[in-house]
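So the chains spell out like this:
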Amino acid sequence: MLLSLATLLACATTPPAADVGAVDLSFGLVPYEAAGRAPVEVPATKVAPALVLHNAQILTAAGEDIASGYIVLRDGRIEALGAGTPPEEIPDATLIDAKGGVVTPGLIDTHSHLGVYPSPGAKAHGDGNEATSPTTAGVWAEHSFWPQDPGLKRAVAGGVTTLQALPGSANLIGGRGVVLHLVPTRGSRAMRFPGAPETVKMACGENPKRVYGGKGGAPSTRMGNLRGQRAAFASAQRHLEDWERHAQALADHNGKGLPPQAPARDLDQETLVGVLRGEVLPQVHCYRADDMLSILQLADEFGFEIRSFHHALEAYKIRDILAEKGVASSTWADWWGFKLEAYDGIPQNAALLTESGARAIIHSDSSVGIQRLNQEAAKAYYAGVHAGVAIDENEALRWITANPAWALGIQDEVGTLEPGKRADLVLWDGHPFSNYTSASQVYIDGALVFDTNNPGAPWSDFVTGQGVAP
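Definitions and cut-offs
Residues numbered from 1 in each chain as written. Predicted model: local features only at pLDDT ≥ 70, side-chain atom pairs only at ≥ 80, totals over all residues. Heavy atoms only, no water. Helix = DSSP H or I, 4+ residues; strand = E, 2+ residues; numbered from the N terminus. Rg over C-alpha atoms; globule rule 2.2 N^0.38 Å. Buried < 20%, exposed > 50% of the residue type's maximum accessible area, 1.4 Å probe, protein only. Contact = heavy atoms within 4.5 Å. Lys, Arg positive; Asp, Glu negative; His and termini not counted. Charge placed at Lys NZ, Arg CZ, Asp CG, Glu CD. Pairing = 2+ DSSP bridges. Axes fitted to C-alpha atoms, helices over the stretch in contact; angles between N-to-C directions. Patch = residues over 30% accessible without salt bridge, like charges linked within 9 Å, V, L, I, M, F, W, Y side chains within 5 Å. Areas by Shrake-Rupley, 256 points an atom, 1.4 Å probe, with all protein chains shown as cover. Salt bridge = Lys/Arg side-chain N within 4 Å of Asp/Glu carboxyl O. Disulfide = S-S within 2.5 Å. Right-handed = clockwise from strand over helix to strand, strands pointing away. Parallel < 35°, antiparallel > 145°, perpendicular 65-115°, else oblique. Left-handed = near helix turned anticlockwise from the far one by under 90°. Nonpolar A, V, L, I, M, F, W, Y, C, P; charged D, E, K, R; others polar. Polar contact = N/O pair within 3.5 Å; in protein donor to acceptor, adjacent residues only side chain to side chain. Core = buried A, V, L, I, M, F, W, Y, C linked by side-chain atoms within 4.5 Å.

Peer 1: I'm lost on the overall build of the chain in this one. Help?
Peer 2: In terms of helices and strands, the chain carries 11 helices and 16 strands. A compact globule built from 470 residues should have a C-alpha radius of gyration of about 23 Å, and the chain, at 23 Å, falls within 12% of that. Taken over the C-alpha atoms alone, the chain extends approximately 70 × 55 × 45 Å along its principal axes. Burial status across the chain gives 56% buried among its 470 residues. Of the contacts made within the chain by residues no fewer than 6 positions apart, 70% connect residues no fewer than 24 positions apart. Taking the average location of the 36 positive side-chain charges in the chain and that of its 52 negative ones, the two points are 7 Å from each other.

Peer 1: How should I be thinking about the sheet that holds strand 12 (residues 328–331) in this particular structure?
Peer 2: Sheet strands line up and pair through hydrogen bonds in the backbone, either parallel or antiparallel. Read across the open sheet, the eight strands follow the order 6-7-8-9-10-11-12-13; overall the sheet is mixed. Two strands close off the open sheet at either side, each with one partner strand: strand 6 (107–112) and strand 13 (359–362). In this sheet, neighbouring strand axes are inclined to one another by 25° on average, regardless of whether the strands run parallel or antiparallel.

Peer 1: I keep staring at a negative patch on the surface and nothing clicks. Help me out?
Peer 2: A contiguous patch of negative charge on the surface is contributed by Glu64, Asp65, Asp392 and Glu393. Structurally, the position occupied by Asp392 is in the loop between helix 9 (373–386) and helix 10 (393–398).

Peer 1: I tried to follow the state of the cysteines on my own but got confused; where do I start?
Peer 2: Such a bond, covalent and formed between the sulfur atoms of two cysteines, is termed a disulfide. Inspection of the entire model under this criterion finds one disulfide. Between the sulfur atoms of Cys204 and its disulfide partner Cys286 the distance amounts to 1.9 Å. The S-S bond linking Cys204 to Cys286 shows a torsion near 135°; that makes this disulfide right-handed. Residue Cys204 is located in the loop between strand 9 (198–203) and helix 3 (206–213), and its partner Cys286 is located in strand 10 (residues 280–286); the two are separated by 82 residues in the primary sequence.

Peer 1: Explanation requested: the pairing of strand 7 (residues 160–165) in the structure shown.
Peer 2: Consecutive residues of a regular strand have side chains that alternate between opposite faces of the sheet. Within strand 7, six of the six residues are buried, which leaves it mostly tucked inside the rest of the structure. Taken together, strand 6, helix 2 (residues 151–157) and strand 7 constitute a β-α-β crossover, and its handedness is right-handed. Summarising the sheet, strand 7 and strand 8 (residues 173–181) pair through four bridges and their orientation is antiparallel. In the strand pairing of strand 8, Thr162 is matched with His181.

Peer 1: For this particular structure, what's the right way to read the packing of helix 4 (residues 222–253) against helix 6 (residues 289–302)?
Peer 2: Angle between the axes and distance between the axes are the two parameters that describe a pair of packed helices. Where helix 4 contacts helix 6, the two axes come as close as 11 Å, and the packing angle between them is 20°. Considered as vectors, helix 4 and helix 6 are oriented roughly parallel to each other. The handedness of the crossing between helix 4 and helix 6 is right-handed. Between helix 4, through Arg222, Leu226, Gln229, Arg230, Phe233, Ala234 and Gln237, and helix 6, the contact on the second element is made entirely by Asp291, Ser294, Ile295, Leu298, Glu301 and Phe302. Split into classes, the residues belonging to the contact of helix 4 with helix 6 amount to six nonpolar, three polar and four charged.

Peer 1: Would you mind showing me how to read the side chain of Glu41 here?
Peer 2: Tracing the sequence through the fold places Glu41 in the loop between helix 1 (5–11) and strand 1 (51–59). Within polar-contact distance, the side chain of Glu41 engages the backbone nitrogen of Arg186 at 3.2 Å. Reaching out from Glu41, the side chain makes a polar contact with the backbone nitrogen of Gly187 at a distance of 2.9 Å. Apart from residues no more than four positions distant in its own chain, Glu41 is found in contact with Thr185, Arg186, Gly187 and Ala190.

Peer 1: How should the nonpolar core be read in this particular structure?
Peer 2: Grouped burial of nonpolar side chains is what soluble globular proteins tend to show. Counting residues in hydrophobic clusters, the biggest one holds 81 residues, and the most contacted among them are Leu182, Phe233, Phe304, Ile306, Phe309, Leu322 and Trp399. Per-element accounting of this core gives the leading share, seven residues, to helix 6. Those residues in contact with Leu322 that sit more than four places away from it in its chain are Leu296, Phe309, Ala315, Val327, Ser329, Leu353 and Ala358. Within the second largest apolar cluster, 17 residues are counted, among which are Ile96, Ala98, Val103 and Leu417.

Peer 1: Even after reading the chapter, I still don't get the pattern of salt bridges, so can you show me in this structure?
Peer 2: A pair can form between side chains of opposite charge whenever their charged atoms are brought close. Counting across every chain of the model gives 24 salt bridges. A salt bridge links Glu413 to Arg77; the shortest N-O distance between them is 3.0 Å. With a gap of 336 residues between them, Glu413 in the loop between helix 11 (402–407) and strand 14 (425–428) and Arg77 in strand 3 (residues 77–83) connect regions that are remote in the sequence. Taking relative accessible area as the criterion, Glu413 reaches 21% and is therefore assigned partly exposed.

Following this line, the structure appears as structure tokens:
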């Protein structure tokens, strides 16, 4: 008998909600709860059982390869790992024989539209682009995200434990992304990765000028794109200055008479002020090298930093600049040629970036590709190896683990297998860079969320009773 999502939630192990702190009101950003970010749904706090996976090859993505060893999980964290057999006594722990399988960190996808363009792909589900204005910084992908998307469980079955759901790329500034821990909840807010910074989606190049030029409006050119983005940040800069003046007026007021009136709240400006203050991480859809340079110049003009370019098919052409500025490139293994700005994509892109000291990431931007992110990284790795680029497997594994964690600002929590980090990991039945390999088990916060031998009920009520694979 298939279980509904509500029944599944009753027995699922779900991480506790994040502690949230206040943001300084004097600069136009309001406390977390007042900003509408406190979850109505608070998942039940359940402590994952203590587990020891042993007899496994462990690829830590931190530079250490353990040919045969063990990893101890307790209270949702990695307690210890090492070579050989585990210590004779680990209190209250269950031993799991990995049978020579391979353990890696949970995979992280920096660019997904699961939930905002969910399956089945229907017009009614097209909630990824608020294509009503070229700049819509105040919208949040979280508010379009459908936790019932059947693609979420399929992503987890492919070893993905965290993803960033983004608005689409119709707009110059498309709104906030959301970083999600892939455990089933009824609402997207409860699925947020605890403590992850806010992100914002921006876009350059063909998409915005096609969407708005096609409507007979602006932008219709690349120079129109940059004007629109510069104007938005100039306005945000003024908004920030208004709040700074208000803060000074409050300090000077000293409780005498009526307090000075605060500037009006502006949802678009709140997001962009967060970018100017370094609290919201820009994720920029950009293909061509010259477009990326233009965005870097925009960031320099207004004093903020780009966290990651997305798609970035010509990143290899400016890899020295990206390395110097510390900007990540979230790219594909071999997608290219589907439009003019994608024409110069090469499969050695990620390898060349890595060789130059830049931070490369393999993303999916696909409900299908996210199910085989390990194989996508393998394709990009071997393309580099065959071209004579000096990289190793650890660096390639970091393209789908440690580097995306950095791009999303969660590198202290996940991305590598190290004591103290969250116990997000995958047990594979072979080397993850083989296309014959599948994920046997997937753990999030030390709790088993997928087991190939016991797949359980669908996560989505949409799938329940439909006679299709979960």
